[in-house]
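Descriptive structure summary
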Amino acid sequence: MKNYFILFAIILFFFSCSNGETALIKDYKLEESKKVHPLTNKWEKTVPYQEIPEGLSSISAKSCGTCHQEHYKEWKHSTHSHAWTDPQFQAEIAKETSPFMCINCHIPLENQQENIVTGLIDGDVYQPVSHKNTRFDKALQQEGINCASCHVRNGAVIGMTGTNKAPHKTIKDSLHLSENLCISCHNAVATISPQLPCTFETGDEWKAGPYFGKKNCKTCHMPDTIRAIVSGYAERKSHLHYFMGSGIPKFIDKPTKMLNGLLIEQLPIQKELKIGDTLTMKINITNAYAGHKVPTGDPERFFLIEQSIYTKDSVLLAQKTHRIGEEWEWYPLAKKISDNNLLPKEKRTFRLNFKITSKKELIYHVKVTKNRANEENKKYNKLPEDYPIRVTIFEDDISIKF
Ligand code: HEC
Ligand code: HEC
Ligand code: HEC
Ligand code: HEC
Ligand code: HEC
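Residues numbered from 1 in each chain as written. Chains lettered and ligands numbered in written order. Predicted model: local features only at pLDDT ≥ 70, side-chain atom pairs only at ≥ 80, totals over all residues. Heavy atoms only, no water.

What to know about the overall build of the protein
Formally: Helix and strand labels come from DSSP, where a helix needs a run of H or I of at least four residues and a strand needs a run of E of at least two; each type is numbered from the N terminus. The Shrake-Rupley method, run with a 1.4 Å probe, gives the accessible areas here. Residue values count only the displayed protein chains as cover. All tallies of charge rest on Lys and Arg as positive and Asp and Glu as negative; His and the ends of each chain are not included. A charged residue contributes its charge at one atom only: NZ of Lys, CZ of Arg, CG of Asp or CD of Glu.
Within the protein, the regular secondary structure consists of 10 helices and 18 strands. In terms of its C-alpha atoms, the protein occupies a principal-axis envelope of roughly 80 × 60 × 40 Å. Carbon together with sulfur atoms contributes 55% to the accessible area of the protein, which is approximately 21200 Å² in total. Separation of charge centres in the protein, based on 53 positive and 46 negative side chains, amounts to 5 Å.

Right, dumping it as structure tokens:
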């Protein structure tokens, strides 16, 4: 119950990220004493307005998709394409308490933003100075992190080869399309207010781990393949654009591809058990495949490992639930209390002990779920009943006979 309370507090204060200013940005009439400070932090700024590259008529993903059909289809499956429409994100930014810069990683282009923030009164993120964006494109906003977020800069399409076969102006910039692009959004460590720290440390976790210098974000999340990137053109090196990750979808009818980070191994049952002995059921879980902690990113994410012992007629005799995730305290100062996320390559053993009192057959059930929010959060945000917050990644029944 205490855990739930803390998690509930996380929901209230992490994503609401503050205490009382409206997300609808107002045009402030400045008083003499108030000073407007320029934006200084990276996450306070948007990617500046992007013009349509020569040879194209739009920078929408939909328009890129008329030629790059497979990239478009894959991207539509990705969470990036739902970074704006995600019901949880919408619920959170609608709150009076969400600061203006929440949108900067979710709809990063100025073209996608209704208002342009130019400064902060007294440097306060809850008092942005802004004006209407006359070039705001609502359709582009709906696309969240779209092709142009990553590929369009300074009137050109950025690619890895700078091919001259494209009908659009193309510039080679492999540095821009490196893992640094991913890290620019997937790593944010800042204290915005005493109750609002932002802690997405996927980039730092990767840099500190065993994959650094060997495999990067793209290697695992954008695996390479050989194919024509526009039908009718010659095959070339290409990359899948599913950006597969946790695999927990944002919409029940729009599945997203999953990467699995964990190796799950059931250990054999002890032999020759007698009445009075303690049966110990063990399961090993290793972060075998992820280049960072599991879970990573949003501190609300967690895994549950549920071990249960039943009679043959489904009467529950014993149960233990283990949690892998972070726990936070939010008042008076936001503070991480614990973090047992699995480091890359780390292995942990989970146990359930049960005292044998009869020779009747037992059923051992184990279930592992991946969660990106809990039920309280879902209720608090008034998310629809069918809004998915978890997936089951492992389930097994073992019969124990004596
Ligand atoms: C520095 C970039 C950045 C900023 C600023 C940012 N986000 Fe995000 N947000 C992300 C990334 C990256 C993810 C991907 C999820 C992960 O890493 O677990 C994400 C995921 C989310 C999710 C989905 C959570 C999940 O587990 O699926 C919600 C909701 C969300 N953000 C809300 C917000 C709100 C509200 C704010 C403002 C307080 C905000 N974001 C500001 C980068 C950002
Ligand atoms: C009218 C068709 C068409 C449209 C629309 C189009 N492209 Fe292309 N694009 C091409 C062709 C053709 C190539 C070159 C194919 C090849 O190299 O095999 C190309 C190449 C590319 C490359 C590779 C560049 C490199 O350096 O290797 C990228 C990246 C790219 N396009 C992104 C986009 C994005 C993003 C959009 C939308 C803003 C877009 N394209 C819209 C036809 C199109
Ligand atoms: C403009 C900011 C931005 C950039 C650049 C970016 N991401 Fe993301 N990414 C996000 C946000 C925001 C989300 C979560 C959206 C949501 O849940 O609503 C996300 C989600 C993801 C997810 C899915 C997480 C899950 O829950 O399954 C993966 C995987 C991912 N990004 C990988 C990458 C990789 C790899 C790159 C670099 C090629 C990259 N991202 C570049 C902002 C960004
Ligand atoms: C060695 C492969 C590997 C590398 C390198 C890697 N990832 Fe991952 N990533 C994974 C796997 C596997 C998962 C799925 C973990 C799970 O949920 O079981 C994952 C999950 C994620 C998620 C979803 C959040 C979650 O907890 O499931 C995000 C976001 C993400 N990665 C971003 C990145 C970024 C950004 C980088 C680069 C800094 C990166 N990854 C580097 C393999 C990798
Ligand atoms: C989150 C960033 C991101 C988004 C969103 C994104 N791309 Fe890419 N794309 C990349 C990166 C990074 C590469 C380069 C991979 C490499 O070669 O290392 C790439 C490569 C490409 C290429 C070159 C061929 C290939 O597959 O490697 C094409 C074409 C392309 N993207 C088209 C698109 C289209 C079309 C969309 C939208 C439907 C899109 N991309 C969305 C990051 C992104």
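Now that the structure is up, let's keep going.
A word on the domain arrangement of the protein
Worth spelling out the cut-off: Residue ranges for the domains originate in an automatic or database domain assignment.
Domain boundaries assigned for the protein yield domain 1 (2–200) and domain 2 (262–400). Distance from the C-alpha centre of domain 1 to the C-alpha centre of domain 2: 35 Å.

Focus: the site of ligand 3
Applied cut-off: Here a residue counts as near a molecule or strand whenever at least one of its heavy atoms sits within 4 Å of it. Throughout this description, a polar contact denotes any pair of N or O atoms lying within 3.5 Å of each other; where both atoms belong to protein, one of them has to be capable of donating a hydrogen while the other can accept it, and for residues adjacent in sequence the pair is counted only when both atoms sit in side chains. Gly is placed with the polar residues, together with every amino acid not listed as nonpolar (Ala, Val, Leu, Ile, Met, Phe, Trp, Tyr, Cys and Pro) or charged (Asp, Glu, Lys and Arg).
Lining the immediate surroundings of ligand 3 are 22 residues, of which His80, Cys182, Cys185, His186 and Ser246 lie closest. Between ligand 3 and the protein, one listed contact pairs an oxygen atom with a backbone N or O atom of serine 246 at 2.7 Å. The side chain of arginine 301 places a nitrogen or oxygen atom 2.8 Å from an oxygen atom of ligand 3. Going through the elements one at a time, α7 (179–186) and α9 (217–221) are the ones with two or more residues in the shell around ligand 3. The biggest single contributor to the shell around ligand 3 is α7, with 4 residues. Its residues assigned to classes, the shell around ligand 3 comprises 11 nonpolar, 8 polar and 3 charged.

Some details on the site of ligand 5
Contacts to ligand 5 come from 21 residues, most closely from Cys147, Cys150, His151, Ser238 and His241. Here lysine 218 contributes a side-chain N or O atom positioned 2.6 Å from an oxygen atom of ligand 5. Within the contact set of ligand 5, an oxygen atom lies 2.5 Å away from a side-chain nitrogen or oxygen of serine 238. Listing elements by their share of the shell around ligand 5, those giving two or more residues are α3 (69–77), α6 (147–151) and β10 (236–239).

A few points about the packing of aromatic side chains
Under the convention used in this document: For Phe, Tyr and Trp, where Trp contributes only its six-membered ring, two rings pair if their centres lie within 6.5 Å, and the inter-plane angle classes them as stacked under 30 degrees, edge-to-face over 60, or tilted in between. Accessibility here uses a 1.4 Å probe with only protein chains present; expressed as a share of the type maximum, an area under 20% marks a residue as buried, one over 50% as exposed, and anything in between as partly exposed. We count a charge as sitting over a ring when the NZ of a lysine or the CZ of an arginine lies within 6 Å of the ring centre and within 35 degrees of the ring normal.
Evaluated as defined, the whole model comprises 3 aromatic pairs. Each ring, one from tryptophan 206 and one from phenylalanine 212, has its centre 5.0 Å from the other, and the planes form 75°; the classification is edge-to-face. Here phenylalanine 212 falls in the partly exposed class, since its relative accessible area comes to 45%. Residue placement shows arginine 135 over the ring face of tyrosine 49; its charged tip is 3.7 Å from the ring centre.

So, the coordination of the iron atom of ligand 2
Defined as follows: Nitrogen, oxygen and sulfur within 2.8 Å of a metal are treated as its donors, or within 3.2 Å for sodium, potassium and calcium (Na, K, Ca); water is not counted, so a site can appear incomplete. Four donors are marked tetrahedral only if all angles between them lie between 85 and 135 degrees, whereas four are marked square planar and six octahedral if opposite donors are more than 155 degrees apart and the other angles lie between 65 and 115; the remainder are marked irregular.
Coordination of the iron atom of ligand 2 by the protein comes from His68 (NE2) and His168 (NE2), over a distance range of 2.0 Å. Of note is the iron atom of ligand 2, whose 6 donor atoms meet at the metal with angles of 88 to 179° in an arrangement that counts as octahedral. Of this pair, histidine 68 sits in the loop between α2 (61–67) and α3 while histidine 168 sits in the loop between β5 (156–159) and β6 (170–172), and the two are 100 residues apart along the sequence. Looking at histidine 68, the relative accessible area reads 22%, which means it is partly exposed.

Structural notes on the environment of asparagine 374
Within the secondary structure layout, asparagine 374 lies in the loop between β17 (362–371) and α10 (375–380). Linking asparagine 374 and isoleucine 389, residues 15 residues apart in sequence, is a C-alpha distance of 7.0 Å.

A few points about α7
For clarity, the cut-off: Throughout, a contact is declared for two residues whenever any of their heavy atoms are within 4.5 Å.
Among all positions of α7, only Glu179, Leu181 and Ile183 are buried. Structurally, α7 contributes buried residues whose contacts are with α6, β7 (187–193), α8 (202–208) and α9.

Focus on α3
Rule in force here: Think of it as the arc spanned by the lines of direction from the helix axis to the C-beta atoms.
Listed in full, the buried residues belonging to α3 are His71, Tyr72, Glu74 and Trp75. Angular distribution of buried residues about the axis of α3 spans 165°; they occupy a single face of the element. Turning to α3, the residues buried within the fold contact α2, β9 (224–227) and β10.

A closer look at the sheet that holds strand β14 (residues 316–329)
Counted only if it meets this: Note on pairing: DSSP must find at least two bridges between two strands before they are called paired. The axes used here are C-alpha line fits, helices contributing only the stretch in contact, and every angle between their N-to-C directions lies in the interval 0 to 180 degrees.
Taken in spatial order, the 5 strands of this open sheet run β15-β14-β13-β17-β18, and their pairing is antiparallel. Both outer strands of the open sheet, β15 (335–339) and β18 (390–400), are each paired with one neighbouring strand and no more. When the angles between neighbouring strand axes are averaged without regard to direction, this sheet yields 20°.

A few points about the pairing of β17
For a regular strand, the rule is simple: side chains alternate between the two faces of the sheet. Burial analysis of β17 places 9 of its 10 residues in the buried class, the great majority of the element. Across 10 bridges, the pairing between strand β13 (residues 302–311) and β17 is antiparallel. Directly across from phenylalanine 302, in β17, lies its bridge partner asparagine 371. Note that β17 and β18 share 10 bridges and pair antiparallel. Considered in β18, the bridge of threonine 369 is made with threonine 392.

A short note on the side chain of lysine 293
Mapped onto the elements, lysine 293 comes out in the loop between β12 (278–287) and β13. Looking at lysine 293, its side chain comes within polar contact range of the side chain of aspartate 339, at 3.0 Å. Apart from residues lying up to four places away in sequence, lysine 293 is in contact with Glu205, Asn287, Asp339, Asn341, Leu342, Leu343 and Pro344.

Section: the confidence of the model for the protein
What counts, and what does not: Residue-level confidence of the predictor, termed pLDDT, takes values from 0 up to 100.
Averaged over every residue, the pLDDT of the protein is 90; residues scoring 70 or more account for 92%. In the model, residues 1–28 has pLDDT below 50 throughout and makes 89 contacts with residues more than four positions away in sequence or in other chains.

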